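Working through the structure, step by step
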Amino acid sequence: MKVLYVASECAPFIKTGGLADVIGAVPKALAGLGVEARVMLPAYPALAGIAAKGKVVWEAEALLGGPAKLRACTAEGIELMLLEAPHLFDRAGGIYLDATGQDWIDNAQRFGALSQVAARVAMEGATGWKPDLVHAHDWQAGLVPAYLRQWGAEVPSVLTIHNIAFQGLFDPTLMAPLNLSPALYTSEGMEYFWRFGFLKAGIAYSNKITTVSPTYARELMLPEFGMGLEGMLRARAGDLSGILNGIDLDIWNPETDPALVEPYTVRKLKAKTANRTEVMSRFGLTPTDDAPLFCVISRLTTQKGLDLLLEALPVLVGRGARLAVLGSGDKALEAGFVAAAHRYNGTVGVIIGYDEPLSHLMQGGSDAILIPSRFEPCGLTQLYGLRYGTLPVVARTGGLADTVIDANEAALAADCATGVQFAPVTTAALEQAIARTCDLFAQPKVWAGMMRRAMKHPVGWDTSALAYRDIYADLLEQD
Ligand code: ADP
Ligand code: GLC
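Because the structure is predicted, anything quoted here is derived from the model rather than measured. All chains use their own residue numbering, which begins from 1 and follows the written sequence. To read the labels, note that chains go from A and ligands from 1, taken in the order they are written. Only residues with pLDDT of 70 or above have their local features reported here, since the model is predicted, and side-chain atom pairs are shown and tallied only from 80 upward, although totals for entire chains, interfaces and linings are computed over all residues. Side-chain metrics rest on all non-hydrogen atoms present in the structure, leaving aside hydrogens and water.

A large share of strand β6 (residues 133-137) lies buried, amounting to five of its five residues. Two strands pair if DSSP finds at least two bridges between them. Put simply, DSSP H or I for four residues or longer makes a helix, DSSP E for two residues or longer makes a strand, and each gets a number counted from the N terminus. As paired strands, strand β1 (residues 2-6) and β6 are joined by four bridges and run parallel to one another. Each bridged residue has a counterpart across the sheet, and for Val3 the counterpart in β6 is Leu133. Remark: the β6/helix α5 (residues 143-150)/strand β7 (residues 157-161) crossover connection has right-handed handedness. For the exposure calls, accessible area comes from a 1.4 Å probe over protein chains only, and a residue counts as buried if that area is under 20% of its type's maximum, exposed if over 50%, partly exposed in between. By convention a crossover is right-handed if, when the strands point away from the viewer, the path from the first strand over the helix to the second runs clockwise.

Have a look at this one:
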């Protein structure tokens, strides 16, 4: 079975969030199940070196204003198809945002081009390789099913929604330059309040829709979470499923992780301490063994609920705990955390930025990871936390609800707790969760038991890769 993945990010090559981790991991997990997945990505400057080694498998003299080539190559065990279109992708800056932090003005053309080429390859193949189906991810690939429909293609498509907050909405005057028929501009199609939506197009025209956790699949059909698309998703409920993300167990492994100062395992938990000391020192924190070291590794946005953490800091500090924050994003949140680090010098440490190795070290050296998200389609940092025995303290929403077992009395008695959940997502509930975590930490046996259970919790791709394969097989009517 051959599947074309279409996405805008893929770890370890180019990453702004969890989408990249997922796209980098699923194809490898599917390989063992008889699914040959190739990943189509834009050839951003970060991928230029890899693309240069690739073989040209498709080309066009003019693709939305410039020449384009598709190059096939293998890197880090992933089969890639890289779309070289210098006028769209070869530029300094972010992959979505320009140097001033605004969306690139031609994002519709950039990701419209990616979707167009993917649909072409799905229909016609590229030097002998023709996928049986296309799997589009998030709004950047949302037009693939629309083009397939418009061009009368037989090849089926799957759309995965990683985050409905990002819909790719543009002015309808851009539809004609993108070769989209005005017939698609309907309320059941891609029209969204007088604009047109890439993600909405994907929802309307894909054969199956998945999202990244069962709870988020249910939440998406509610007005509180659906962001205006809940009615449409309810109408397609029979084709919508939630498949939990997993993590790459080779990259995220405390026994072999090169970013740790000392490796450890579930049987050698004491070695985690050296990493704890290192994190405290990197964040300028005064060492303590009497209270937990919390960490945050996150985009700083409204989604992640970290404004609530700023409000809850007096409780965390009052309990003698420590906090290490690594993140970037919203300028007001960045400033809020920097100010907190000054105010609670030695207790709260903040590094503004994006640092992959440091994120590994923090998972290795912290006691608990805080994730107070207002919504969370799946979330990966709690899964890394589980694997590293860094207990997740999470809002009860989306994938966080599906992956962490709250340490309530019953769960503790039944020996199955792996973290702390709280609801509703308010400062008061977060404060209570922080206090509860400190109480648990003060009971070393209980805490160590939870660490061990967390580390044994299954967080790999085995089950979910099978679920994806089953969806593909259903669509292709294969066993
Ligand atoms: P989202 O995709 O919504 O940002 P996820 O939890 O699914 O949330 O994935 C976030 C990914 O990005 C994780 O791999 C996390 O470790 C990583 N990450 C987030 N912020 C940073 C940062 N500042 N430095 C390093 N890694 C980060
Ligand atoms: C999105 C979501 C996150 C999810 C990730 C990968 O970025 O915000 O919850 O884990 O996609 O699916």
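This is not the end of the story, as more comes after the structure.
So, on to the layout of surface pockets. In this structure, the second largest pocket occupies an estimated 410 Å³ of space. Lining residues are those with an atom within 4 Å of a point, where the points come from a 1 Å grid over the protein atoms alone and group into cavities, where a 1.4 Å probe fits but cannot get out, or pockets, open sets with protein on both sides within 12 Å along at least five of seven lines. Taken together, 15 residues line the second largest pocket, and the ones lying closest to its centre are Thr273, Asp367, Phe441, Trp447 and Met451. Ranked by residue count, the leading element in the lining of the second largest pocket is helix α18 (residues 444-456), at five residues. Grid points are joined across faces, edges and corners, and a volume is the space filled by probe spheres set on the points.

Below, the discussion takes up the environment of Asp103. Note on placement: Asp103 falls in the loop between α3 (86-89) and α4 (107-124). Among the residues examined, Asp103 registers a relative accessible area of 52% and is labelled exposed. The contact definition used throughout considers only heavy atoms, calling two residues in contact when any of these lie within 4.5 Å. With residues near it in sequence (within four places) discarded, Asp103 still touches Tyr96, Leu97 and Asp98.

What follows deals with unusual backbone geometry. Cis geometry marks the peptide bond from Ala11 to Pro12; its omega dihedral reads 5 degrees. When you line up the elements, Pro12 lands in the loop between β1 and α1 (18-31). Cis geometry is found at the peptide bond from Ala423 to Pro424, where omega equals -5 degrees. Note on placement: Pro424 falls in the loop between β18 (420-422) and α17 (427-441).

A few words now on the site of ligand 1. Inspection of the region around ligand 1 gives 20 residues, with Lys15, Gly18, Arg299, Lys304 and Gly353 positioned closest. For this analysis, a polar contact is any N or O atom pair within 3.5 Å, provided that within protein one partner can donate a hydrogen and the other can accept it, and provided that sequence-adjacent residues contribute only side-chain to side-chain pairs. A distance of 2.8 Å separates an oxygen atom of ligand 1 from a polar atom in the side chain of Asp21. Take Gly353: an N or O atom from its main chain is 2.8 Å from a nitrogen atom of ligand 1. Surface accessibility in these figures is a Shrake-Rupley result with a 1.4 Å probe; residues are shielded only by whichever protein chains are displayed. The fraction of the free accessible surface of ligand 1 (570 Å²) that becomes covered by protein chains is 93%. At three residues, the largest contribution of residues to the shell around ligand 1 is made by strand β13 (residues 293-300). Of the residues belonging to the shell around ligand 1, the class tally is five nonpolar, nine polar and six charged. Those domain boundaries reflect an automatic or database domain assignment. When residues of the shell around ligand 1 are assigned to domains, at least three map to each of domain 1 (2-246 + 462-478) and domain 2 (269-456). What makes a residue near a molecule or strand is one non-hydrogen atom of that residue sitting within 4 Å of it. Under the scheme applied here, ten amino acids are nonpolar (Ala, Val, Leu, Ile, Met, Phe, Trp, Tyr, Cys and Pro), four are charged (Asp, Glu, Lys and Arg), and all others, including Gly, are polar.

Looking now at the domain arrangement of the protein chain. Often, the extent of an interface is quoted as the loss of accessible area on bringing the components together. For the protein chain, the assigned domains are domain 1 (2-246 + 462-478) and domain 2 (269-456). On a C-alpha basis, the centres of domain 1 and domain 2 stand 32 Å from each other. On the domain 2 side, the residues contacting the 20 residues of domain 1 number 17 residues. Summed over both partners, the accessible surface that disappears when two parts come together, traced with a 1.4 Å probe, is what is meant by buried area. In total, domain 1 and domain 2 occlude about 1300 Å² of area from one another, counting both sides; carbon and sulfur atoms represent 60% of this. Throughout this description, the term salt bridge denotes a Lys or Arg side-chain nitrogen within 4 Å of a carboxyl oxygen of Asp or Glu. The tally of links from domain 1 across to domain 2 stands at one salt bridge. In this structure, the salt-bridge partner of Lys15 is Glu356, at a minimum N-O distance of 3.2 Å. Counting across the interface, domain 1 meets domain 2 through eight residue pairs in polar contact (both at pLDDT 80 or more). If you list the elements that add at least two residues to the side of domain 1 that touches domain 2, you get α1 and α7 (214-219). The element contributing the most residues to the side of domain 1 that touches domain 2 is α7, with four residues.

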